[in-house]
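The chain contents come next:
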Amino acid sequence: MWYIFVLIFLTRIKFYGHCFGCGVGGDVIAFLMKIDHLSFTESVEKLAEKMGYTLRYDGSGANTSGINRSRLVAANTEAAKFYQEELNKSGPAQFGREFLQKRGFDKAAADQFGVGYAPDEWDALYKHLKGKGFTDVELSTAGLIKDGTKGPIDRYRNRLIWPVKNLTGDIVGFGARKLASDDVDQGPKYLNTAETPIYKKSQLLYGLDMAKKEIAKKRQVVIVEGYTDVMAAHLAGVTTAVATCGTAFGDDHIKVIRQLLMDDDAFRGEVIFTFDGDAAGQKAALKAFEDDQKFVAQTYVAVEESGMDPCELRMAKGDGAVRELIARRVPLFQFAIKSEIAKHNIANAEGRVNALNQVAPLINKIKDASLRPEYTKLLAGWLGMDVETVANAVKKTGGRANGAPTPVANVVPADNSKLDKDLDNDYEESRKVLKDLVKKGNDAIEHLLAIATDTEHPRAFEVVATLIKNTAEANEKLMTMQKAVRDMKNIKAKESVNVDKAIFVGSTAELNK
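Residues numbered from 1 in each chain as written. Predicted model: local features only at pLDDT ≥ 70, side-chain atom pairs only at ≥ 80, totals over all residues. Heavy atoms only, no water.

K.L.:
Before we move on, could you go through the overall build of the chain and cite the residues and values that matter?
P.N.:
Counting its regular elements, the chain contains 23 helices and 15 strands. The buried share among the 513 residues of the chain stands at 47%. Pairs at least 24 apart in sequence give 65% of the contacts found in the chain among residues at least 6 apart. Of the roughly 25,700 Å² of accessible surface on the chain, 52% is carried by carbon and sulfur atoms. (Helix = DSSP H or I, 4+ residues; strand = E, 2+ residues; numbered from the N terminus. Buried < 20%, exposed > 50% of the residue type's maximum accessible area, 1.4 Å probe, protein only. Contact = heavy atoms within 4.5 Å. Areas by Shrake-Rupley, 256 points an atom, 1.4 Å probe, with all protein chains shown as cover.)

Here it is, written out as structure tokens:
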């Protein structure tokens, strides 16, 4: 992307840019937001740091520690250099090098990812950084030291260290893996930087600074579980891999990834989760299925049947096996559905019905509506059931996909009070209710159809018939639907009714004008 900057002299110099390739333009802040995938605040902070300008915050959630952000970044950067130098020294650091070598990482790999070693001393880093002119307050605020019984001590001792960078490449924190046995070190296996003014673990993804350009280029992000998995994936050629930093994948991570994929308005790009094949991995996949609704990109899952993570897989079978794992990805909802089916004994009728009751709502969660009929057919095959039966079950759960699954044999519509009340309203009010429903999109239409076809709801036919009768003048096609509802009134209870959704959707076109 070529960005041409023009100086325009008005009351002061202003910087504007324009890309003649894609047509994007804006000031220098907009340029940084676009090229480095930063938020407005991050862009301003980066510019201020480059200019040597001290920002003052209003206390609304930004850096309120009173310490210049650049000093915290500088302290972390110096600490990272210290750790990397320590890894190459003789003595206890040898255990760190052996740990890496056993996992297939040589010195070049360690250098590429900036891996270091925190010496088994109480205050080695503290003394080093004090010699560089950093204050106790700066080091404590950066999360590099903590209070000991006799003064400040290092936060990390006898651990392998991975520097964690933000999108711009600034080192904002660290992840540390203990090397001693549990008998010697009772601390956690992995210890990460605590929350600081520049380290927010819910917003950080390890490896994102290296992967961001490839993610934007390939429209793909691969989410793995740990630091060594990121290293293994990148070295194997999967250069879009990232990992969370000691926390579960959450909403803030989704916002960061959406910013890179730019998936605001179209089904484009891939988000690929890697999980272990065990129960914990399946639970994580189902959690990701819930998060999937917040993406527009298509979401997939890659699971190694043997249960190996990308690092273990690379060690056992080489780089090609890691690439093949990602290539074998399957849609996340397919994995979620099959995982749920596996919990039931579908060899008997009861098991199949129970599985259907649990899985039918998942079909309605598939955000690409055009895929729902296809997965309805697949589900029928997986369960060994009639397609029409499964389709009716899926339709019955329409509008309740985000709630607890409702047994197909006893579907009760959601709150219909607004519709019931409309029976006694005049023409204009009735027309307004239907217009409001239509404007809410397909979910509302599905809900209205569910009410119309639910023979167990005592007033379902009357409610929908009244709505359609009062709006029939808007479009001739509504007459067809009106007649269908009148016919439904004569059908015996609990007898399934098929209503042509296309007729109803087409008949509402005039109402949206």
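K.L.:
Explain helix H13 (residues 319-327) residue by residue, including any values.
P.N.:
Quick reminder: α-helices carry 3.6 residues per turn. Residues three or four places apart thus point the same way. The complete set of buried residues in H13 reads Ala321, Val322, Leu325 and Ile326. All buried residues of H13 project into a common sector of 140 degrees when viewed along the axis, lining one side. Residues of H13 that are buried in the fold lie against strand S11 (220-224), helix H9 (227-235), strand S13 (270-275), strand S14 (298-303) and helix H12 (310-317). (Arc of directions from axis to C-beta.)

K.L.:
Which residues make up the pairing of strand S6 (residues 151-154), and what values do they have?
P.N.:
Pairing between strand S5 (residues 145-148) and S6: four bridges, direction antiparallel. When the sheet's bridge partners are listed, Lys146 is paired in S6 with Ile153. Once S5 ends, the chain turns through two residues before running back antiparallel as S6. (Pairing = 2+ DSSP bridges.)

K.L.:
I'd like to hear about the sheet that holds strand S7 (residues 159-165), residue by residue, with values.
P.N.:
If you trace the four strands from one edge of the open sheet to the other, you get S4-S7-S8-S9, paired in antiparallel fashion. Looking along the sheet, the strands with just one partner apiece sit at the ends: strand S4 (116-118) and strand S9 (190-192). Looking at each pair of strands side by side, their axes are set apart by 35 degrees on average, direction ignored. Relative to S7, S4 runs antiparallel, the two sharing three bridges. Counterpart to Gly116 in the pairing with S7 is Ile161. Across the sheet, helix H3 (residues 69-87) is in contact with S4, S7 and strand S8 (171-178); its angle to S8 comes to roughly 35 degrees. (Axes fitted to C-alpha atoms, helices over the stretch in contact; angles between N-to-C directions.)

K.L.:
Account for the packing of helix H14 (residues 332-341) against helix H16 (residues 372-383), with residues named and values stated.
P.N.:
In contact at an axis separation of 12 Å, H14 and H16 are set at 30 degrees when each is read in the N-to-C sense. Judged on the interaxial angle alone, H16 and H14 are roughly parallel. Pair H14 / H16 crosses with right-handed handedness. Contacts between H14 and H16 involve Phe333, Gln334, Ile337, Lys338 and Ile341 on the former and, on the latter, Tyr375, Leu379, Trp382 and Leu383. (Parallel < 35°, antiparallel > 145°, perpendicular 65-115°, else oblique. Left-handed = near helix turned anticlockwise from the far one by under 90°.)

K.L.:
Can you break down empty space enclosed by the protein residue by residue, with the values?
P.N.:
A probe as big as a water molecule, rolled over the atoms, marks out the empty space that is left. Under the definition given, this model contains three cavities of 30 Å³ or more. Of the voids in this model, the largest cavity is the one considered here, and its volume is about 60 Å³. Breaking the lining of the largest cavity down by element, the ones donating at least two residues are S13 and S14. Residue classes in the lining of the largest cavity are distributed as six nonpolar, one polar and five charged. (1 Å grid on protein atoms, 1.4 Å probe; cavity = no way out; pocket = protein on both sides within 12 Å on 5 of 7 lines; lining within 4 Å. Points joined across faces, edges and corners; volume = space filled by probe spheres on them. Nonpolar A, V, L, I, M, F, W, Y, C, P; charged D, E, K, R; others polar.)

K.L.:
Explain the confidence of the model for the chain residue by residue, including any values.
P.N.:
Per-residue confidence for the chain gives a mean pLDDT of 77, with 65% of residues at or over 70. This model gives residues 1-13 a pLDDT under 50, and the stretch forms 30 contacts once residues within four places in sequence are excluded. Segment residues 489-513 is flagged for pLDDT under 50; beyond a separation of four residues in sequence, or across chains, it makes 47 contacts in the model. (pLDDT = per-residue confidence, 0-100.)

K.L.:
Tell me about the pattern of salt bridges, and name the residues and values.
P.N.:
Evaluation of the coordinates by the stated rule reveals 16 salt bridges. As a salt-bridge pair, Asp185 and Arg159 come within 3.8 Å of each other at their nearest N and O atoms. You can see Asp185 sitting in the loop between S8 and S9 and its partner Arg159 sitting in strand S7, a full 26 residues away along the chain. The pair Asp185 / Arg159 is uniform in exposure class, with both members buried. Between Asp252 and Lys255 there is a salt bridge whose closest N-O contact spans 3.9 Å. (Salt bridge = Lys/Arg side-chain N within 4 Å of Asp/Glu carboxyl O.)

K.L.:
Run through the nonpolar core, naming residues and quoting values.
P.N.:
By size, the foremost hydrophobic cluster in this structure holds 63 residues, and its most contacted members are Tyr83, Leu100, Leu144, Trp162, Phe174 and Tyr206. The element that contributes the greatest number of residues to this core is H3, accounting for eight residues. Setting aside residues up to four positions removed in sequence, Leu144 forms contacts with Ala75, Asn76, Ala79, Leu125, Leu129, Leu139, Asp154, Arg155 and Phe174. With 21 residues, the next largest nonpolar core counts Ile223, Val242, Leu260 and Phe275 among its residues. (Core = buried A, V, L, I, M, F, W, Y, C linked by side-chain atoms within 4.5 Å.)

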